[in-house]
Amino acid sequence: MSESFLDGRVTIRIGDVRAVLASMPADSIDCVVTSPPYWGLRDYNVEGQIGLEPTLAEHLAVMVEVFEAVRRVLKPTGTLWLNYGDCYATSPNGRSAADTKAAGVDDRTFRDKPFSTVGGGLKPKDLCMVPNRLAIALQDAGWWVRSEIVWGKRNPMPESIGDRPATSHEKIFFLTKSARYLYDAAAVRQVSASSSEVRWRQNVEAQNGSTRGNGGRKTNGTMKAVGGPRAKVRAADVSSPRHSGHVNHTGIEDTPRGSRNLRNYEPAPLAVWPISTQPFKDAHFATFPPELAERCILAGCPKGGVVLDPFGGAGTTALVALRHGRRSELIELNPDYAALARRRIEGEWRAVRPPSSSDLGPLFEAVVANEAAE
């Protein structure tokens, strides 16, 4: 069963994710942005749900199967952005996910389990390392793992533990179907630090350079700073090693001054991808923030392309895709959640959509203001 709305820009397909993916055309999706159900975290009370497998090994096997189906529908140039939070091996403490939600302290990494996650080598209090195990399993299945990104939460859920640091991050793994793929670095470029501006004003060729390059064993001169004024490149340099003439020819000098490429870790004061969790008053528990999906979509999906979320949930991926001129497809097992997502998408789209604009602003709450300012 599927339904399309907003002039066909959003499609929601209802059913088991593997069966639905099998019915979709191969090589039809430009980008996948998703956050699957975490292992042993919540019981959504839906037959066929993923995440309640008795062992971690069984869960990983299911995940690999799902993403094999995802890979079939992804274009050769397509990208996959996979958010998955870790957990600790423990037994249920008697409080359900619904009770936690009702208490108003719900968070994607809360540790009240529907069943015991101890066993199979996981001891009580062990960090399960599920995100990394999943990334390795997908790598073994043929995916390219291109980056491990840290989502640093500005407002993590408080923890009462006293024998380890509290958890305030999740992982996003950037994977690709092929060795060559679409990645729009300019769309997610960041403002450079003032220290970089100072360095870029230097004359690279006039620098003495550092003798520390290659552990002090650099044989073709000192290592000089990159990003300064471009020196005249000789024809011989083009066909020689990339650091010939002591200048980095890897393309970094093509980055516009005043900006730099997005990193998988942003040092203080920016911190790692510093995005707050987003509350959602309706029935769905796990809602990741729009800004998280936004970076992934801008970097990994061309304008006019199609973004897929095989675990559609509350529809955040579709909302961000709409705001940036992309189409979206969601897959959701629970018909109630699918209806909830459609109400949310249509309601928020109509609430903030300017009367005429094909390239909307970067954040939901800023769309109207951006249009007015123009």
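These remarks concern the structure in this document. Within any chain, residue numbers begin from 1 and follow the written order of that chain's sequence. The model is predicted, so local features are restricted to residues of pLDDT at least 70 and side-chain atom pairs to those at 80 or more, both for listing and for counting; the totals for chains, interfaces and linings are taken over all residues. No hydrogens and no water enter the side-chain calculation; it runs on all heavy atoms of the structure.

**Structural notes on the overall build of the protein chain**
Right, so step 1: A run of H or I in DSSP becomes a helix once it reaches four residues, and a run of E becomes a strand once it reaches two; helices and strands are each numbered from the N terminus. The number of helices and strands found in the protein chain is 10 helices and 11 strands.
Right, so step 2: Think of it in three bands: with a 1.4 Å probe and only protein chains considered, a residue is buried below 20% of the maximum accessible area for its type, exposed above 50%, and partly exposed in between. Across the 374 residues of the protein chain, 48% fall into the buried class.
Right, so step 3: Pairs at least 24 apart in sequence give 73% of the contacts found in the protein chain among residues at least 6 apart.
Right, so step 4: Residue burial considers only the protein chains on display, and all accessible areas are found by Shrake-Rupley using a 1.4 Å probe. Here the protein chain has roughly 18100 Å² of accessible surface; of this, 53% comes from carbon and sulfur atoms. Residue contacts follow a heavy-atom distance rule, with two residues in contact if any of their heavy atoms lie within 4.5 Å.

**Points about the packing of aromatic side chains**
Right, so step 1: Stacked, tilted and edge-to-face pairs are distinguished by plane angle, under 30 degrees for stacked and over 60 for edge-to-face with tilted covering the rest, among Phe, Tyr and Trp rings (Trp via its six-membered ring) whose centres lie within 6.5 Å. Taken as a whole and judged by the stated rule, the model has 4 aromatic pairs.
Right, so step 2: On the basis of an interplanar angle of 10° and a centroid distance of 4.1 Å, the ring pair of W81 and F174 is categorised as stacked. Of this pair, W81 sits in strand β4 (residues 74–84) while F174 is found in strand β6 (residues 169–176), placing the two residues 93 residues apart along the sequence. For the pair W81 and F174, a shared accessibility class is recorded, and that class is buried.
Right, so step 3: Aromatic rings pair up to connect W81, F174, Y181 and Y183 into one cluster.
Right, so step 4: By the criterion adopted, a ring carries a charge over it if an Arg CZ or a Lys NZ lies within 6 Å of its centre and within 35 degrees of its normal. Lying across the ring of Y88, R164 places its NZ or CZ 3.9 Å from the centre.

**Details of the packing of helix α2 (residues 56–73) against helix α4 (residues 130–140)**
Helix-helix packing is described using two parameters, namely the angle between the two axes and the distance between the axes.
Right, so step 1: To obtain each axis, a line is fitted to C-alpha atoms, and for helices this fit is confined to the stretch in contact; angles are then taken between N-to-C directions over 0 to 180 degrees. Viewed as axis vectors pointing N to C, α2 and α4 meet at an angle of 50°, and their least axial separation amounts to 10 Å. Taken together, the axes of α2 and α4 are oblique relative to one another. The element α2 and its partner α4 pack so that their crossing is right-handed. Residues L56, L60, M63, V64 and F67 of α2 form the contact with α4, whose own contacting residues are V130, R133, L134, A137 and L138.
Right, so step 2: Each residue gets one of three labels, nonpolar for Ala, Val, Leu, Ile, Met, Phe, Trp, Tyr, Cys and Pro, charged for Asp, Glu, Lys and Arg, and polar for the others, Gly among them. Of the residues belonging to the contact of α2 with α4, the class tally is 9 nonpolar, no polar and 1 charged. We call two directions roughly parallel when the angle between them is under 35 degrees, roughly antiparallel when it is over 145, roughly perpendicular when it lies between 65 and 115, and oblique otherwise. In a left-handed crossing the near helix is turned counterclockwise from the far helix by less than a right angle, and in a right-handed crossing that turn is clockwise.

**Concerning helix α7 (residues 290–300)**
Right, so step 1: Burial analysis of α7 places 10 of its 11 residues in the buried class, the great majority of the element.
Right, so step 2: Those residues of α7 not exposed but buried are P290, L292, A293, E294, R295, C296, I297, L298, A299 and G300.

**Some details on unusual backbone geometry**
Right, so step 1: You will see that K125, though not glycine, has its phi angle at about 80°, which is positive.
Right, so step 2: Even without a glycine there, the phi angle at M129 is positive, about 60°.
Right, so step 3: Positionally, M129 belongs in the loop between α3 (97–102) and α4.
Right, so step 4: Accessibility expressed as a relative area gives 36% for M129, which makes it partly exposed.

**What about the pairing of strand β11 (residues 327–332)?**
Right, so step 1: With 5 of 6 residues buried, β11 lies mostly within the body of the structure.
Right, so step 2: Strand pairing is defined by DSSP finding a minimum of two bridges between the two strands. Bridging between strand β2 (residues 10–14) and β11 involves 5 bridges; their strand directions are parallel. Counted as the bridge partner of I14 is E332 from β11.
Right, so step 3: Where strand β10 (residues 306–309) and β11 come together, 4 bridges link them in parallel fashion. The partner of L308 across the bridge, within β11, is E329.

**A few points about the nonpolar core**
Right, so step 1: Residue types Ala, Val, Leu, Ile, Met, Phe, Trp, Tyr and Cys, when buried and joined through side-chain atoms within 4.5 Å, form a set referred to as a nonpolar core. Membership of the largest hydrophobic core comes to 39 residues, with the highest contact counts inside it found for L21, V66 and F67.
Right, so step 2: At the level of elements, α1 (17–23), β3 (29–34), α2, β4, α4, β6 and β10 are the ones that each hand at least two residues to this core.
Right, so step 3: The element contributing the most residues to this core is α2, with 9 residues.
Right, so step 4: If near-sequence neighbours (up to four positions away) are discounted, F67 is found in contact with T34, P36, L80, L82, L138, W143 and F311.
Right, so step 5: If you look at the next biggest cluster of nonpolar residues, it comprises 19 residues, including V188, A293, C296 and L298.

**Observations regarding the environment of W81**
Right, so step 1: Overall, the relative accessible area of 3% leaves W81 in the buried class.
Right, so step 2: Residues W81 and T34 lie 47 residues apart in sequence; the distance between their C-alpha atoms is 6.5 Å.
Right, so step 3: Excluding residues that lie within four positions of it along the chain, W81 makes contacts with C31, V32, V33, T34, I149, I172, F173, F174, Y183, C296, A299 and G300.
Right, so step 4: At 3.1 Å, the side chain of W81 forms a polar contact with the side chain of T79. Whenever two N or O atoms come within 3.5 Å, that pair is a polar contact, provided that in protein one can donate a hydrogen and the other can accept it, and provided that, for residues adjacent in sequence, both atoms are side-chain atoms.

**Brief notes about the packing of α7 against helix α8 (residues 316–323)**
Right, so step 1: α8 packs onto α7 with a crossing angle of 55° between their chain directions and a minimal axis gap of 9 Å. On the basis of their axis angle, the class for α7 and α8 is oblique. Between α7 and α8 the crossing geometry is right-handed. Contacts between α7 and α8 involve P290, A293, E294 and I297 from the first element and T316, T317, V320 and A321 from the second.
Right, so step 2: For the contact of α7 with α8, a count of residues per class yields 5 nonpolar, 2 polar and 1 charged.

**Structural notes on the pattern of salt bridges**
Right, so step 1: Basic side-chain nitrogens of Lys or Arg form a salt bridge, by our definition, when they fall within 4 Å of a carboxyl oxygen of Asp or Glu. According to the stated counting rule, one finds 13 salt bridges in the structure shown.
Right, so step 2: A salt bridge links D16 to R18; its shortest N-O distance comes to 3.2 Å.
Right, so step 3: With a relative accessible area of 24%, D16 lands in the partly exposed category.
Right, so step 4: Note that K125 and D163 form a salt bridge whose closest N and O atoms lie 2.5 Å from each other. Within this pair, whereas K125 is found in the loop between α3 and α4, its partner D163 is found in the loop between β5 (144–152) and β6, the two being separated by 38 residues in sequence. Each member of the pair, K125 as well as D163, carries the same accessibility label: exposed.
Right, so step 5: Look at the salt bridges and you will find they share partners, linking E3, R342 and E346 into a network.

Purely geometric stuff here, so don't read any function into it on its own.
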